[in-house]
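For reference, the chains in residue letters:
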Amino acid sequence: MSVIQPLFRLLCVLSLVLAGSGSGSGSGSGRNASVSHEYCVLGAGPAGLQMGYFLSRSQRDYIILERNAGPGSFFQIYPRHRKLISINKIYTGRRNKEFNLRHDWNSLLSDRPSLLFQRISRELYPSADDFPRYLSTFVKELGLKVKYGADIGTIKASDFNGNQGYILTDQNGVSYQCSVLLVSTGLWVPQQVDFLGSDLVEGYESIPTDPEEFKDQAVLILGKGNSAFETAQSILGRASRIHLYSPSPVRLAWQTHYVGDLRAINNELLDTYQLKSLDGLVEGRLEDIAIVRREKDGLRRRMAKKRSQKSTEGKEQLYLTLTELLDQNGNNISKITGQNLPGFHTDNFSLRQPYDRVIRCLGFRFNFSIFDGSARPPQSSGARGRLPGITAWYEGRGTPNMFVLGTAAHSRDYRMSAGGFVHGFRYTVRAVHKILEQRYHNIAWPATKLPISQLQSWILRRVNEASGPYQMFGVLGDIILLRGSYCEYLEEFPLQALPQLSALSGRPLTDQGLLVLVMQYGLNRTDTLGPGRAESEWTKAWRSNFLHPVLYYYNTLPTEKDMRQRPVGWPLPRPEALHHMVEDFLTEWDQPISHSQPLRRFLEHCLQTDLRAFYAERSIHRRFQENGYLRKQGIVGNSHLWQHAREAGLMADHQRDITPGDDTSVSEYLKHAGAAVVSTMNFDL
C-alpha cells in the first residue's frame, strides 16, 4: 500500500478536528489555523511551479506556498541590471518541440505546446521583467494551486503515524501539515564574507542601477561571477577605474561548458583589462583583506603626491589592505596610517590606489534559518556550503520525505551541469516527480517496451532530439533494461542513483544487463578555440571534446562502491563495454558511416544479436551469419580501413598479415585492429 495514503487520511482527520474547534483550518486564513495536504511545495519560483504542474497532472493533493504576492519574485529584483543570460533561441529551423527545448532555456515543461516563453519575449537575451510575467501566465492557464502571502518562518519535522512529515508555520500562525515537503525556495540570501570593514561595502542587492551615480568613480568589486561582471559592465562607460577581486581567476563559460561561469554577454571588461584601459582583475583571499577609510593626514607624503582624485573631492575614500598590516588585535581600523597599507611595503602593489566604492557581488546562498534542528538538511560539502546536502535522488540527507528542487538542489551537479538553472532543473524536477509516484503511489517509472530490432533507431531518435539528457549532460541519462527479445526504455533517470534503480523506478533487472545512454563532454583539455579542438573522425570518437552521446553496457547493476570508485570525471563506473558516438559539428548524429554503423556494431556485441534489417530471403540472413557477421567481421572487409589504421599509426606494418578474412575471435581481432576499425568499443574495460 502507498505510504502517503494512510498519512494523508490521518492529516485530513486532524484538519477536520481543528476545523470543528473553530480554528478556521478550512480556509487557512485564521490565526493558529491548520491545514493538511499530501504535498507542500515551498516557493512559487520556476522549480516550484514546475513541480506543481506535475502534481496537478497526476491529481495529487498539493499546495504551493509563496511568501510574496506573485510567482518568480526573485526575478522582480535580479539580475539587478535586468538582462537575463538564459538563451531564448526561437528560430532553430526545426518544428520539433522536443528538439527546440534544447535551445529554449526559459520555458517550463507542460502538455500545452503554446505555453512557451516565446509568447512573452522573442529576444535572445530577454528582460528579467518578462520572466515573472511568463510564470504568472503558466500558473493561470494551468490552474495551479498557489497561496501567495504565506511567509513560512519555521519548519519542523513531525511524526505522522510512524512516518516523518513536516509542519510549516507562516507569519500569521497558520500551520501547513504535509507528508512530503518539496523545497523550491532557490538561493536568495546574499553570500557574504566576514572581514574587517565589511560594513563599508555595498551589496549587489542594494546598489544603485543608474550608471550616472558612478560617474568618474573608482570602484572595487568583490567577486568575479556573472553578477560582478554584470555590475562592472553597467558602469563601464562611467566609472574611472573598475577592479574585480576574488580568490579564483575568472572562468569563462565557453571554455568550461558550465553556464554558471562568466557568460560572454557580460564580459566586456575583459577587453578593457587586456587592452590596458584602466580596468583589471586581481586574485586574493577575501578573508585576508580589510576595507579601511582614508586617514588624510596620516598617509605618507609620497602617496599624497599621486595624481589628484578630482572625482572624489570632499568624499571619504576607501583602501584595500591586509589584516596582517593592522594592529595585533586586527580590529583597530579607525586610525589608519600609511604603514597600514600594502603600498607602503610594496610600492607597486596592484590595488594601492583608493576607491570611492567597494561592492560585494558574491552570489547567494540557501536560507537554512527557517528549518529547526529536526528538519534542517546539512550543508553541502561543495559550493562553500551554500547549498543543502541531498542524495542522488534529491532527498535531503537526514530529512526523509523532504526533497529539494531547482537551484537549491544544484549541489548534485555544481559546476558540472545545468541543474542550477531553469533549462536544467525543469528535467530534474520531472525526475523527482517520477520518484514520488513510485515511492508513494506505486506507479513505476514510465517505460517504453521495444523489440530489440527497434532499439538502434530509438537511440538515434533520442540522441538527435531529446532535450533532457542534452541539457542535463552527465547527470540524467536514459536506461535500457535488456529483456532478451525486447527491452524497456526509461528516460532521464538520475545517473548517480543508478545503484538504487529498481527501488526508485519500480523496474526490476534481469540477468540480461542494461545499457545507459549519456550525453557528455570529453575529458581532454584542449584550447577551446584553437586548432584540433574538435574530433571529426569516427574511428577516434573517444577523443571527442564537445557534447556527444556515450553508451555504457553493464552485465549487472553498479553498486554504491562502484559509483564512489569511478574514474575521475566519469559520470558512471567502468562498464563491460563503452561506445562514444563521435561529436558532430551540427549536433546531428544521423550519418550512416560515422554514427549509425558503429552504434549498430556496438549494440550487436552487447546483445549478441544481428540487428541488420533484411529484405531478401531468410536464407540470405543465414548465409551472412555463417560468413561470420556475428564474429565481428561484418564491416572490416574494406582494405581502405586497414590502410587508414596503418597510416594513422594505430597499427604497425608487421600486422598486415592479419586480414579481415581471418577467422579470429572479436577480442583477438580488436587487439590488432584497435580503434581504427571499431571506433570506441573497448572490450578490455
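What counts and what doesn't
- Numbering of residues starts from 1 in every chain and runs along the sequence as written.
- Reporting in this predicted model follows two pLDDT cut-offs: at least 70 for local features of residues, and 80 or more for side-chain atom pairs to be given and counted; totals over whole chains, interfaces and linings ignore these cut-offs and use all residues.
- Excluded from the side-chain calculations are hydrogens and water; all other atoms, namely the structure's heavy atoms, are used.
- Ring pairs are drawn from Phe, Tyr and Trp, using the six-membered ring of Trp, whenever the two centres fall within 6.5 Å, and their geometry is named by plane angle: stacked under 30 degrees, edge-to-face over 60, tilted for the rest.
- Helical segments are the DSSP runs of H or I of at least four residues, strand segments are the runs of E of at least two, and each set is numbered from the N terminus.
- Think of it in three bands: residues with accessible area under 20% of the maximum for their type are buried, residues over 50% are exposed, and the middle band is partly exposed, with areas taken using a 1.4 Å probe on protein chains only.
- The axes are straight lines fitted to the C-alpha atoms, using for helices just the contacting stretch, and the angles between their N-to-C directions are given from 0 to 180°.
- Each angle is binned into one of four classes, with values under 35 degrees roughly parallel, values over 145 roughly antiparallel, values of 65 to 115 roughly perpendicular, and all other values oblique.
- Helix crossings get a hand from a simple test, with the near helix turned counterclockwise from the far one by less than a right angle marking a left-handed crossing and a clockwise turn marking a right-handed one.
- It only takes one pair of heavy atoms within 4.5 Å for two residues to be counted as in contact.
- Two strands are counted as paired when DSSP detects at least two bridges linking them.
- Each nonpolar core is a collection of buried residues, namely Ala, Val, Leu, Ile, Met, Phe, Trp, Tyr and Cys, held together in the definition by side-chain atoms within 4.5 Å.

Trainee: With reference to specific residues and values, describe the packing of aromatic side chains.
Mentor: The geometry of an aromatic ring pair comes down to the distance between the two centres and the angle between the two planes. Within this structure, the stated rule accounts for 22 aromatic pairs. Aromatic pair Tyr552 and Trp570: ring centres 6.4 Å apart, planes at 70 degrees, arrangement edge-to-face. Here the residue Tyr552 occupies a position in strand β21 (residues 548-554), and Trp570 occupies one in the loop between α15 (560-564) and β22 (577-580), the gap between them amounting to 18 residues. Across this residue pair, the class does not change: Tyr552 and Trp570 are buried. Three or more aromatic residues link up through ring pairs in this structure, and these residues are Tyr53, Phe54, Phe74, Phe75, Tyr78, Phe117, Phe131, Tyr134, Phe138, Tyr204 and Phe364.

Trainee: Could you give me a rundown of the packing of helix α2 (residues 46-57) against helix α5 (residues 130-142), with the residues and numbers involved?
Mentor: Running from N to C, α2 and α5 point in directions that differ by 15 degrees, and their axes come no closer than 11 Å. Taken together, the axis directions place α2 and α5 in an arrangement best described as roughly parallel. You can see that α2 and α5 cross each other, and the crossing is left-handed. Of the residues in α5, those touching α2 at Pro46, Leu49 and Tyr53 are Phe131, Leu135, Phe138, Val139 and Leu142.

Trainee: If you had to explain the sheet that holds strand β9 (residues 218-222) to someone new, which residues and values would you point to?
Mentor: Taken in spatial order, the five strands of this open sheet run β8-β14-β9-β10-β11, and their pairing is parallel. Either end of the sheet is taken by a strand with one partner, and the two such strands are β8 (202-203) and β11 (280-283). Where β9 and strand β14 (residues 357-360) come together, four bridges link them in parallel fashion. From the neighbouring strand, Val219 faces β14, where its bridge partner is Arg357. The strands touched by helix α6 (residues 226-234) are β9, β10 (241-246), β11 and β14; relative to β10, the strand with the most contacts, the crossing angle is about 175 degrees.

Trainee: Any details on helix α16 (residues 592-607)? Residues and values, ideally.
Mentor: The element α16 is extensively covered by neighbouring structure, given that 12 of its 16 residues are classed as buried. Packed against the buried residues of α16 are α12 (455-465), β18 (476-482), β20 (514-520), β21 and β22. Gln608 occupies a position one or two residues after α16 and carries a positive phi of about 55 degrees.

Trainee: Can you tell me about the nonpolar core, naming the residues and giving the values?
Mentor: Within the largest apolar cluster, 120 residues are counted, with the highest numbers of intra-cluster contacts made by Leu49, Ile155, Leu168, Leu181, Leu182 and Val516. Counting residues per element, this core draws most heavily on helix α11 (residues 422-441), at nine residues. Beyond its immediate chain neighbours, meaning those up to four positions away, Leu181 contacts Cys40, Leu42, Ile155, Tyr166, Leu168, Asn401, Met402 and Phe403. Judged by nonpolar contacts, the second largest core, of 27 residues, contains Tyr470, Cys487, Tyr553 and Leu607.

Trainee: Describe the sheet that holds β22, listing the residues and the values that go with them.
Mentor: If you trace the six strands from one edge of the open sheet to the other, you get β17-β19-β18-β20-β21-β22, paired in antiparallel fashion. This sheet does not close on itself; its edge strands, each paired only once, are β17 (447-451) and β22. For this sheet, the mean angle separating the axes of adjacent strands, direction not counted, is 20 degrees. Sheet topology places β18 next to β20; four bridges connect them, and they run antiparallel. Its bridge partner lying in β20, Asp478 is registered against Leu517. Along the sheet, α12 contacts β17, β18, β19 (486-494), β20 and β21; its crossing angle with β19, the most-contacted strand, is approximately 20 degrees.

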